[in-house]
Each structure stands twice: as C-alpha cells, then as structure tokens.
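For reference, the chains in residue letters:
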Amino acid sequence: MTQRLTVHSCLLLLCACDAVASGADNPAAVGGKSSPMPPAARVQVQSTIVQDVQVPKTLTVTGTLQADQRTELSANALGRVVRTFVERGDHVRAGALLAQLDTRGAEISRAEAEAHARQTSEQVKAVRLECERYAALRDKGAITGQEYDRQASQCATQSSLEEAARARLADVARVLEDAAIRAPFAGVIGERLVSVGDYVQPSSKVAALLDDDPLRLRISVPEQAVPYAREGTRVTFKTLSADGTVLPATIKYVGRELRPATRDVITEALVDNHEHELLPGMFVTVQLPLGSAPQVVVPQSALVALDGGTTVFTINAGKVEQRVVRVTVPVEGGLAVSEGLQKGDRVVVSPPPDLRDGASVE
C-alpha cells in the first residue's frame, strides 16, 4: 500500500513539472495574455527619383507602299506576237525590247511606200522644172498668164502628192517601230500579259511595268495632324514582313484637299528602295512626328511585367506600391512613361523577384 501511494505521488509530480515547463516555453499561457509578434523584415532595395525630359510625340497612321510609276503597257499596234523578251520580276532599262510582233506585212507596205515616194519625188522634180520654164516664158511675154497658171496648178498638185507619199512612208515606218514593243521607262516587270502566238490589237495589254525605286509611301493624315505633314518632314514606318525594322521616308507630295468621308488628307513620302527589298502594295504603319512634350523617364530595369501589362514599384513612406504604367518610346536614360508616374516619384531600380505590393523597404 505504501509503494502504490509513492508511485502515484511521483506521477502527480511529473505532470506538475510538465505544466511548469510548458508555461516557461509559452509566456502567453502564464497570466492568460498574448504577446506581440516580432516585426516583419524590411527589404533592402535601390531606388531613383524620376524626372521629366522632352520626348518626341508621334502619331501612328496607316499607309501603303506604291510604285513611283506604273503602267500596263499597250501594244499600240496590230499583229501576232512572234517573240517575248521578259518575265515577271525582270529589271529592264528604258527602251528595252519587251515583245516583238510579226512585221512581214508592214515590211511589204514599207517597200511599196518607199517606191511610191521615189516615183512621186521624180515627178515633182520634172514638174518643177517645167514650172520654172513656164515662169521664164511668162516673164518674156511668150505665154499668157492663163497658160502659166495652169502649169503652176499642176506644180502645186504634184507637191501635195509628194507630201502624201512621204506621210504614207512615215506611217508605215511607225507601224514597224510599234511592232517592237519597248519599255517607256526603267523599272521591273510586274507581269507579262502576252505569249508567243497571241494576236494583239492597239489596246491590248502587253506587260505591267513599274518603277520601284524610289517607292511612294501613301499616308492617310487625319485633319488634326495636317499641319505636321509638310514637305521635307521625315517619318518612320514598319512593314509586316521586315521583322520590326524601322525604315525612314521623307514627305514629298502633300495633298491640298480633305476627303469628306474620312476627314483626312492623302500625303506621299519617298522611300529609298535601291536594294529592291520593299514591294509595292505593302501595308505599313507610319509614325508622324508631332513635336515634343515633357514625360517622365524610368530606367529599363525598373519595369516589371504583370498580367500582360507593365508596372513599376514606387516608394512612399517606407512602403512599396506597384503601379501600372504606360511606356511610350525609348529615350536616353531609359523609357518614357506617359501614364502612371509623375515627376518626383521614387521608383525601385532592379526590384528583387519576391518584392510585393505593400512591402516595407529600406
């Protein structure tokens, strides 16, 4: 009996010891009051104060590249095509032979016209000699004025026949010349529209010829931006096929009438295309300069992507705030921001990956 009591007393003592130990580990349990949590750690960051700079303003407009000159060359002759000399994409010089028509009939006509012109010329020579003789006889009084007038009338008629023969010969020569269809200016063949064996008329289209250097950049300028689209203004543009490359152009031809339906003016800039990499018909986006305006500039390293947008961390009273900003153009020292920041704001440079909105910073 004495042994059992001793064991029980030991058990009670152990429980009391555990309770005391537990109270020592948890001061809040002693006295029934909770103790404050330790303060959150402060993140050490680098920051800078943003300032205003003069940033160029631009307006994005649409445009289309066009050939400086373009023509669908007509045959201007009648006959069958016997040979072609060009294919699509060929570069040709002014006067280059594009196609040749059959000239056998024209050659026969030219031979006849030349023979007739020679015969008429000889007849005119003989008649003129006779007219000179009649004039001498009239001066001597050997013939009457009526006789001289009849001879002079024959001289005039024969001269008219000679002129007609020469005109006929010139017309046949023109037909022969037109049978050789040539490029009116230097350029590139957009399309060949005839083949050997085709029978063409004067209005038949033979080839599409275009001058692709320089190109014309046709721009639609809205009414409010018309004062900025002046001759000599340099613009930049991008095409869908140039991998984002920014290309220059200079405004040359300025429209002087607003289109009523769209309230814009068509303006054309010239584009250097000596390497022939740009093609007429390309759709482009153009940046038209509109002067400059002050905007704040942030370092590239301050920008943080979030949900498809761009943000920065600003510091105010020791805490960070993540703001969405609108970035416009690169400038010296960083990127210009048009919305989300003001001059004098402090932003975090190269923020750590785990930095969150509301965090305390040093």
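Not measured: the values here are computed from a predicted model.

Where a strand is regular, its side chains alternate between the two sheet faces. Relative to strand β18 (residues 334–339), strand β13 (residues 283–298) runs antiparallel, the two being bridged by three bridges. Looking across to β18, one finds that V297 is bridged to A336. Judged from the four bridges that link them, strand β17 (residues 326–331) and β18 form a sheet pairing that is antiparallel. Each bridged residue has a counterpart across the sheet, and for P330 the counterpart in β18 is L335. Joining the antiparallel neighbours β17 and β18 is a turn of two residues, in which G333 adopts a positive phi near 100°.

Taken in spatial order, the four strands make up an open sheet running β6-β5-β3-β8, and their pairing is antiparallel. Each having just a single partner strand, β6 (180–182) and β8 (199–200) make up the two edges of the open sheet. One ladder, built from two bridges, connects strand β3 (residues 79–84) with β8; its direction is antiparallel. The residue of β8 that forms the bridge with G79 is V200.

Looking at where T233 falls in the secondary structure, it is placed in the loop between β9 (205–222) and β10 (234–239). Judged by relative accessible area, T233 falls into the buried class, the value being 14%. At 2.9 Å, the side chain of T233 forms a polar contact with the backbone oxygen of R230. Apart from residues lying up to four places away in sequence, T233 is in contact with Y228, A249, T250, I251 and P289.

Our focus in this paragraph is the side chain of D178. Residue position: D178 is located in helix α3 (residues 145–178). Residue class for D178 comes out buried when judged on its relative accessible area of 17%. Other than its neighbours up to four places away in sequence, D178 contacts A75, N76 and A77.

We now examine the nonpolar core. Residues L65, L217, I219, F237, V271 and V286 are the most contacted members of the largest nonpolar core, which totals 20 residues. Of all elements in the fold, only β2 (51–74), β9, β10, β11 (247–254), β12 (264–271) and β13 reach the threshold of two or more residues within this core. Aside from chain neighbours lying at most four places away, what touches F237 is L217, T245, V246, L247, P248, A249, V271, L278, V284, T285 and V286. Grouped together as the second largest cluster of nonpolar side chains are 19 residues, A77, L101, V194 and A207 included.

Moving on, we get to the environment of R83. Here R83 is to be found in strand β3. Distance in space between the C-alpha atoms of R83 and V194 is 9.7 Å, their sequence separation being 111 residues. Contacts of R83, omitting those with residues within four sequence positions, involve A99, Q100 and V196.

This part covers the pattern of salt bridges. With the rule as written, the count across this model stands at 12 salt bridges. R323 serves as the salt-bridge partner of D345, at 3.1 Å between the closest nitrogen and oxygen. Of this pair, D345 sits in the loop between β18 and β19 (346–349) while R323 is found in strand β16 (residues 319–324), placing the two residues 22 residues apart along the sequence. Residue D345 is classed as buried on the basis of its relative accessible area, which comes to 17%. Among the ionic contacts, a cluster of salt bridges with common partners joins D68, R216 and E268.

A few words now on the environment of L129. As for its position among the elements, L129 is in helix α2 (residues 104–140). Taking relative accessible area as the criterion, L129 reaches 57% and is therefore assigned exposed. A C-alpha to C-alpha distance of 9.4 Å links L129 and C155, two positions 26 residues apart in sequence.

Parameters at a glance
Residues numbered from 1 in each chain as written. Predicted model: local features only at pLDDT ≥ 70, side-chain atom pairs only at ≥ 80, totals over all residues. Heavy atoms only, no water. Pairing = 2+ DSSP bridges. Helix = DSSP H or I, 4+ residues; strand = E, 2+ residues; numbered from the N terminus. Buried < 20%, exposed > 50% of the residue type's maximum accessible area, 1.4 Å probe, protein only. Polar contact = N/O pair within 3.5 Å; in protein donor to acceptor, adjacent residues only side chain to side chain. Contact = heavy atoms within 4.5 Å. Core = buried A, V, L, I, M, F, W, Y, C linked by side-chain atoms within 4.5 Å. Salt bridge = Lys/Arg side-chain N within 4 Å of Asp/Glu carboxyl O.

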